[in-house]
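# Architecture and fold: a report
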Amino acid sequence: MSVPVDLDRRFRDAAARSGMLDAAYDVVDSPLGPLLVATGDRGILRISFDTDVERHVEWLARVAGRNVLRAPRQADPLRRELDEYFGGRRHAFDLSVDLRGVTPFTERVLRELARIPFGQTATYAELAARAGNPKAARAVGMTMNRNRVPIVLPCHRVIGADGSLVGYAGGLERKVALLTLEGVLL
Amino acid sequence: MMDAVAIPPFETFYAEHRSEVLGLLRRRLGRDRAEDAFQETFLRALRAYERLEHGEHLRAWVLTIASRVAIDVQRREKPTGELPDLPHEDARPAYEDLGELTNGLPPKERAAVVLRYGYDLTYHQIAAVLDSSPDAARQAASTGVRRLRKETSA
């Protein structure tokens, strides 16, 4: 006997309303393909181009707590902001990001990253310098590669000193698409 | 020493047990009343989930919660003498027969019989559902079975 879709959905909505979830996730559509998004009571926990849900659920349970549930209702505010961003109607995100568990260096780098405005870029070395460690360009590259919340924390705005795009964990074609959306690339 | 069985994320637990829980509730309450009870069951489970200390017996645990919810629903309602609608789509006819067959039993006996013979729970686990002792659970199941024998042979 399978559980009817509307009954399943009603439970997931009620669970989101109950405030008892440590993390809620959903898979949402975007111009860059499906995105896994996850939020908790302290903000956005994860955005990923990799929609292997099972792996993300395990990770969310480790980081945020075991009450992890797919709950589209709780993901709605983030979905809305992403839709506005992709529609060109939003240049900055209002939702906060939950950085629990990252190292102090990573946190400094990500806070500086968040300050790079829509439509602008910085180099890895510049970002390292802003985070207080000018020699750490390579470590900044690693931090971008492991960014838990791409798009919202705009690692796509970080490029090489010679203007090359260098790389993107979600695939270079997505970095091109995001910089094109923001008018950096034609 | 063996490691305690890891507790899965709630999503995994829910996906694994939701069908069986809904089946139990439909047999006990009928299709309509089972829907609210389904939600109540998993909200209770969610509330208790972060306090669980190991991942053993999760199936028995959630069936226990569902049975308690079903008993609460039955207690809240005045007896009408009518039998609930039962689903006819169950993939496991033995369970369905048991659900139909036990309709006329008092709630505790019915719960004991269905949980013992339909779901293979131990008397210890059934006792937890019924807020009573394993001996009382065994007693309720055997009284229920005796009553059924009498009814079906009458």
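Fair warning: this is a prediction, and the values are worked out from it, not measured in the lab.

## A short note on unusual backbone geometry
The residue Ile151 of chain A is not glycine, and still its phi comes out positive at about 75 degrees. For Ile151 of chain A, the position within the fold is in the loop between α6 (137–145) and β6 (158–159). Of the residues examined, Ile151 of chain A reaches a relative accessible area of 0% and is grouped as buried. Of note, the phi angle at His57 of chain B is positive, near 55 degrees, even though the residue is not glycine. Summarising the element assignment, His57 of chain B is placed in the loop between α2 (31–49) and α3 (58–76). By relative accessible area, which is 52% here, His57 of chain B ends up exposed.

## Observations regarding the pattern of salt bridges
The full count for this structure, using the stated rule, is 21 salt bridges over all chains. A salt bridge links Asp8 of chain A to Arg12 of chain A; its shortest N-O distance comes to 2.9 Å. One end of the pair, Asp8 of chain A, and the other, Arg12 of chain A, are both in helix α1 (residues 5–18), 4 residues apart, so they sit about a helical turn from each other. Both residues of the pair, Asp8 of chain A and Arg12 of chain A, belong to the buried class. Residues participating in the shared-partner salt-bridge network are Asp8 and Arg12 of chain A together with Glu11 and Arg18 of chain B.

## Quick notes on the interface of chain A and chain B
Each partner contributes to the interface: chain A provides 24 residues, whereas chain B provides 26 residues. Buried surface at the junction of chain A and chain B, both sides included, amounts to about 2,300 Å², of which 62% is carbon and sulfur. At the junction of chain A and chain B, the tally comes to 3 salt bridges. Put simply, Asp8 of chain A and Arg18 of chain B hold a salt bridge, and the shortest N to O gap is 3.0 Å. Summed over the shared surface of chain A and chain B, the number is 11 residue pairs in polar contact (both at pLDDT 80 or more). If you list the elements that add at least two residues to the side of chain A that touches chain B, you get α1, α2 (53–64) and β4 (68–70) of chain A. Ranked by residues supplied to the side of chain A that touches chain B, first place goes to α1 of chain A with 8 residues. Across the side of chain A that touches chain B, the residue classes break down as 14 nonpolar, 3 polar and 7 charged.

## Considerations on the packing of aromatic side chains
Think of a pair of aromatic rings as described by two things: how far the centres are apart, and how the planes are tilted against each other in angle. Enumeration according to the criterion identifies 16 aromatic pairs over all chains in this entry. Aromatic side chains Phe11 of chain A and Tyr14 of chain B sit 4.8 Å apart centroid to centroid with 35 degrees between the ring planes, which places their arrangement in the tilted category. Taken together, the residues span two chains, with Phe11 of chain A in helix α1 and Tyr14 of chain B in helix α1 (residues 10–29). For the ring pair Phe10 of chain B and Tyr49 of chain B, a centre distance of 5.0 Å and an interplane angle of 90 degrees mean the geometry is edge-to-face. In this pair, Phe10 of chain B is assigned in helix α1 and Tyr49 of chain B in helix α2, connecting sequence segments 39 residues apart.

## Describing the nonpolar core
With 57 residues, the main nonpolar core has Phe11 of chain A together with Phe10, Leu25, Phe38 and Phe42 of chain B as its most contacted residues. Contributing elements (two or more residues each) for this core: α1 of chain A together with α1, α2, α3, α5 (107–118), α6 (123–130) and α7 (134–153) of chain B. Here this core gets 10 residues from one element, more than from any other, and that element is α3 of chain B. Once residues lying within four places of it in the same chain are set aside, the contact partners of Phe10 of chain B are Phe11, Arg66, Asn67, Val68 and Leu69 of chain A together with Phe42, Ala45, Leu46 and Tyr49 of chain B. Listed in part, the 36 residues of the second largest apolar core include Leu32, Leu35, Phe118 and Val158 of chain A.

## Examining the sheet that holds strand β1 (residues 23–28) of chain A
All names here are of chain A. On the basis of which strands lie adjacent, the open sheet formed by 4 strands has the order β3-β2-β1-β4 and mixed pairing. For this open sheet the edge positions go to β3 (43–48) and β4, each flanked by a neighbour on one side alone. Sheet twist, expressed as the average angle between the axes of neighbouring strands with direction ignored, equals 20 degrees. Where β1 and strand β2 (residues 35–40) come together, 5 bridges link them in antiparallel fashion. Bridging across to β2, Val28 finds its partner in Leu35.

What counts, and at which threshold
Residues numbered from 1 in each chain as written. Chains lettered and ligands numbered in written order. Predicted model: local features only at pLDDT ≥ 70, side-chain atom pairs only at ≥ 80, totals over all residues. Heavy atoms only, no water. Helix = DSSP H or I, 4+ residues; strand = E, 2+ residues; numbered from the N terminus. Buried < 20%, exposed > 50% of the residue type's maximum accessible area, 1.4 Å probe, protein only. Salt bridge = Lys/Arg side-chain N within 4 Å of Asp/Glu carboxyl O. Contact = heavy atoms within 4.5 Å. Buried area = accessible area lost by both parts, 1.4 Å probe. Polar contact = N/O pair within 3.5 Å; in protein donor to acceptor, adjacent residues only side chain to side chain. Nonpolar A, V, L, I, M, F, W, Y, C, P; charged D, E, K, R; others polar. Phe/Tyr/Trp six-rings, centres within 6.5 Å; stacked < 30°, edge-to-face > 60°. Core = buried A, V, L, I, M, F, W, Y, C linked by side-chain atoms within 4.5 Å. Pairing = 2+ DSSP bridges. Axes fitted to C-alpha atoms, helices over the stretch in contact; angles between N-to-C directions.

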